[in-house]
Every structure is written in C-alpha cells, then in structure tokens.
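For reference, the chains in residue letters:
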Amino acid sequence: MQFKHFLQFKDFSREEYEYLFERTRWIKRAFKDYRQYWPLADRTLAMIFDKNSTRTRLSFEAGMHQLGGSAIYLSTRDTQLGRGEPVEDAARVISRMVDLVMIRTYQHEVMERFAAYSRVPVINGLTDEYHPCQIMSDIFTYTEFRGSIEGKVVAWIGDANNMCNTWLQAAEIFNFTVHVSTPPGYSIEPERIGLSGHTHFAVFDDPHRAVSGADLVTTDVWTSMGFEEETEQRKKDFADFCVDAEMMALAKPDALFMHCLPAHRGEEVSTDVIDGPQSVVWDEAENRLHTQKALMEYLLLGKVDVNK
Ligand code: CP
Ligand code: NVA
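Just so it is clear, the structure is predicted and the values come from calculations on it, not from any experiment.

Conventions adopted
Residues numbered from 1 in each chain as written. Chains lettered and ligands numbered in written order. Predicted model: local features only at pLDDT ≥ 70, side-chain atom pairs only at ≥ 80, totals over all residues. Heavy atoms only, no water. Near = heavy atom within 4 Å. Polar contact = N/O pair within 3.5 Å; in protein donor to acceptor, adjacent residues only side chain to side chain. Areas by Shrake-Rupley, 256 points an atom, 1.4 Å probe, with all protein chains shown as cover. 1 Å grid on protein atoms, 1.4 Å probe; cavity = no way out; pocket = protein on both sides within 12 Å on 5 of 7 lines; lining within 4 Å. Sits in = over half its atoms within 2 Å of the grid points. Nonpolar A, V, L, I, M, F, W, Y, C, P; charged D, E, K, R; others polar. Buried < 20%, exposed > 50% of the residue type's maximum accessible area, 1.4 Å probe, protein only. Helix = DSSP H or I, 4+ residues; strand = E, 2+ residues; numbered from the N terminus. Pairing = 2+ DSSP bridges. Right-handed = clockwise from strand over helix to strand, strands pointing away. Axes fitted to C-alpha atoms, helices over the stretch in contact; angles between N-to-C directions. Parallel < 35°, antiparallel > 145°, perpendicular 65-115°, else oblique. Left-handed = near helix turned anticlockwise from the far one by under 90°. Contact = heavy atoms within 4.5 Å. Salt bridge = Lys/Arg side-chain N within 4 Å of Asp/Glu carboxyl O. Expected span 1.5 Å × (residues − 1). Bend = angle between axes of the 7 residues up to and from the residue.

Structural notes on the site of ligand 2
So, step 1. Within the structure, ligand 2 sits among L126, N161, N162, D220, S224, M225, C260 and L261.
So, step 2. At 2.7 Å from a nitrogen atom of ligand 2 is found a side-chain nitrogen or oxygen belonging to S224.
So, step 3. Out of a free accessible area of 270 Å², ligand 2 has 94% covered by protein chains.
So, step 4. The pocket occupied by ligand 2, as judged from atoms lying within 2 Å of grid points, is the largest pocket.
So, step 5. Per-class residue counts for the shell around ligand 2 are four nonpolar, three polar and one charged.

What follows is the structure, encoded as structure tokens:
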C-alpha cells in the first residue's frame, strides 16, 4: 500500500503545499460556518508525546474530532515506550490499530525508525531537529495576511533550533530567503538539516542587520525542550537577541511578527512586539488546527475534489 509520511518540511513539494493551503482555506471556512465535514469518520489518530504540548495536542485532537474521527493521546511517561519497549515494536503494534500516527519526541532519528516500521502515515509533531507542522501553519498565515511568501525575506533571530531548521527547508521549497542571526556558538549547521544548497539563506552576526528590510520577523524561545540544563548560560548568550520595538522598526513598515509559542516575554521578544499591531501569533496558532486538518485529510484520503 502506498502512503506518505510528513517527517520533514521537504517531504512535500511546493505543489502539494499549494493544494494543502487550498484545502485549508476550504476547511477553515467550513469550520467558521459550523458546517459539518466528517471525511475521516471511523478513522483513528494516535498521538505519541515524549515532550509537553498545548497547541499541537489540542489542534490534532480537536482537528481529528472535527473531521469525524477519534484521537488517542499516548504519553511516553505512562506507556511501555517509557519503559524501554523498542520503538520498532511499538510502531508495528500501534500502526495495526490506528490509521494515522503523530509523534512528538527528542531525536528525529527515533521518529524515522518508528516511521520505517509503521503501516500508516506518521506526522512529525516536533523533534529536536524539525517542526514542520508549525512552519506549514506559519506560511499559510503569512499568505493570508500578505499573499505569496515567494521572494520575501524572513528574519530568524535567536537559536538555530527545530523552528529555524524548518524555516530553512521551507525557503528552498517556497523560494524565499531566511536572514539568520544567532549568537556565537549557536550557528546553523546547513549540512545537517537537509538543505539542497546555500542559496536561500544569509547569516548575520548582528540581529539588527538580519531584520533590516525583512517582510517577516520571527523568533522562538532561547531554550527549547530538552535543553533545560543550558538555560542560565543561554540567558547570558542570547541577551542581545531580543526582538524589541527598536529591532522591529528596522523591518519593512508592513512586516509581520511571528512566534510559534509558548513565548517568554522580556527574553526572546518584548511585550510591545508580541502584543503589538504587527504580531499575528494568535492567527498563527489557530491555523495549526486548519492546516493540520488539511494534512490529515491528504495523508488519509489523498487529493479530494477541491470544490467539495
Ligand atoms: N507551537 C507549538 O508546537 O506549541 P506546543 O508546544 O504547545 O504544542
Ligand atoms: N523550539 C521550541 C518549540 C516549541 C513549540 C522547542 O522545541 O521547545
């Protein structure tokens, strides 16, 4: 049986994303109009969480219910996965009982091993390396507010983390440029993050220069999940990497601000920026629901009639 996984942003083509965004618009409209749409009736999603989550759990669980199916939450803390059951065995068993699996874990390689033994599509709900569902929502959100992201400049300020890596993959697919500014010692590793070249990003030591003229400014927490023991050191190392009003003023006047959330006001972003008029973080969060519903529909049903 042929099926696809969604483990990295580059697993899908530009054409597939354009299709998903068209479906997202339709699915979002139906949701807002209280129109029942149950294409996944009797389908079950297993959600495996090795790390905490609010948005990812809620958007997948609510999304699956809204499409007529069911979602089951599995935490590694209270399943056999947390007691050393091989991930390959868990994949073989879980994928015989459900139609779709979403995983949030630490090493990307663990999720790849699960996917290799799964009989059903696997979705990356965040790993240390990538967060493709979030960037899908972010690009959809940009498109809603400003039209195509092609040819635009996205300024990434802060840690070279899972979000940054995924923005860099997305730039190659949607043909935009990422201006990356990270503190010394926290640089991106282009060879390790599945890029096909060096054409869609530029690196800046000074975050102000990275933001200059940008169409979208985005950042994330200084300490991602799994790196908590580095928190105090990171607070010192990232002190000059706060997106504040002065930095934001260097971007284009109509630039948007995004943050995947949760945010630490006063660290990576100032309160006046995240709560200010250029910030679209609440739409960005809401669109996780709509884009992931389109994703689940696509992974389980393939392309459906877009006029449905
Ligand atoms: N942005 C995001 O993935 O949020 P959660 O960690 O709450 O799922
Ligand atoms: N980079 C953050 C994103 C959280 C949604 C983390 O991995 O903790």
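After presenting the structure, the write-up continues.
Examining the pairing of strand 3 (residues 100–104)
So, step 1. With five of five residues buried, strand 3 is to be regarded as a mostly interior element.
So, step 2. Relative to strand 3, strand 1 (residues 44–49) is paired through five bridges, and the arrangement is parallel. Opposite F49, over in strand 3, you have R104 as the bridge partner.
So, step 3. Direction of pairing for strand 3 relative to strand 4 (residues 122–124): parallel, over a ladder of three bridges. Looking across to strand 4, one finds that M102 is bridged to I123.
So, step 4. For the crossover that starts at strand 3, traverses helix 4 (residues 108–117) and ends in the parallel strand 4, the hand is right-handed.

Here's the deal with the packing of helix 2 (residues 55–66) against helix 11 (residues 281–301)
So, step 1. Contact geometry of helix 2 with helix 11 gives a least axis separation of 9 Å together with a crossing angle of 55°. Considering their axes alone, helix 2 and helix 11 lie oblique with respect to each other. Two packed elements cross with a definite hand, and for helix 2 against helix 11 that hand is right-handed. Contacts between helix 2 and helix 11 involve R55, T56, S59, F60, A62, G63, M64 and Q66 from the former and A285, R288, L289, Q292, K293, M296 and L300 from the latter.

Topic: the environment of H264
So, step 1. Examined against the element boundaries, H264 turns out to sit in the loop between strand 9 (256–259) and helix 10 (271–274).
So, step 2. You can call H264 partly exposed: its relative accessible area is 37%.
So, step 3. It is 33 Å that separates the C-alpha atoms of H264 and R23, two residues lying 241 residues apart in sequence.
So, step 4. Excluding residues that lie within four positions of it along the chain, H264 makes contacts with V221 and V269.

Quick word on unusual backbone geometry
So, step 1. A cis geometry characterises the amide bond from L261 onward to P262, with omega recorded as 5°.
So, step 2. The residue P262 is located in the loop between strand 9 and helix 10 in this model.
So, step 3. For D42, which is not glycine, the phi torsion reads 75° and is therefore positive.
So, step 4. Residue classification places D42 among the exposed residues on the basis of a relative accessible area of 76%.
So, step 5. Although it is not a glycine, L261 sits at a positive phi angle of roughly 70°.

Observations concerning the pattern of salt bridges
So, step 1. This model, assessed by the stated rule, comprises 22 salt bridges.
So, step 2. As a salt-bridge pair, R113 and E109 come within 3.5 Å of each other at their nearest N and O atoms. Of the two residues, R113 and E109 both sit in helix 4, four residues apart, roughly one turn of that helix.
So, step 3. What makes E109 partly exposed here is its relative accessible area of 38%.
So, step 4. Through salt bridges with shared partners, a single network forms among R14, E18 and E150.

Looking at the sheet that holds strand 7 (residues 201–203)
Working definition: the strands of a sheet are paired by backbone hydrogen bonds and lie parallel or antiparallel to each other.
So, step 1. Across the sheet, which stays open at both edges, the five strands sit in the order 7-6-5-8-9 with parallel pairing between neighbours. This sheet does not close on itself; its edge strands, each paired only once, are strand 7 and strand 9. Direction aside, neighbouring strands of the sheet carry axes that sit 20° apart on average.
So, step 2. The sheet contact formed by strand 6 (residues 177–181) and strand 7 spans three bridges and is parallel. Residue V178 lies in a different strand from strand 7, and its bridge partner there is F201.
So, step 3. Sheet contacts for helix 6 (residues 162–174): strand 5 (153–157), strand 6, strand 7 and strand 8 (216–219); angle to strand 6, the most-contacted strand, approximately 155°.

As for helix 11
So, step 1. Helix length check: helix 11 (21 residues) gives 30 Å between terminal C-alpha atoms against 30 Å at 1.5 Å per residue, within 8%.
So, step 2. Of all bends in helix 11, the biggest is about 30°, found at N287.
So, step 3. The buried count for helix 11 comes to 16 of 21 residues, which makes it a mostly enclosed element.
So, step 4. Phi turns positive one or two residues past the end of helix 11, at G302, with a value near 70°.

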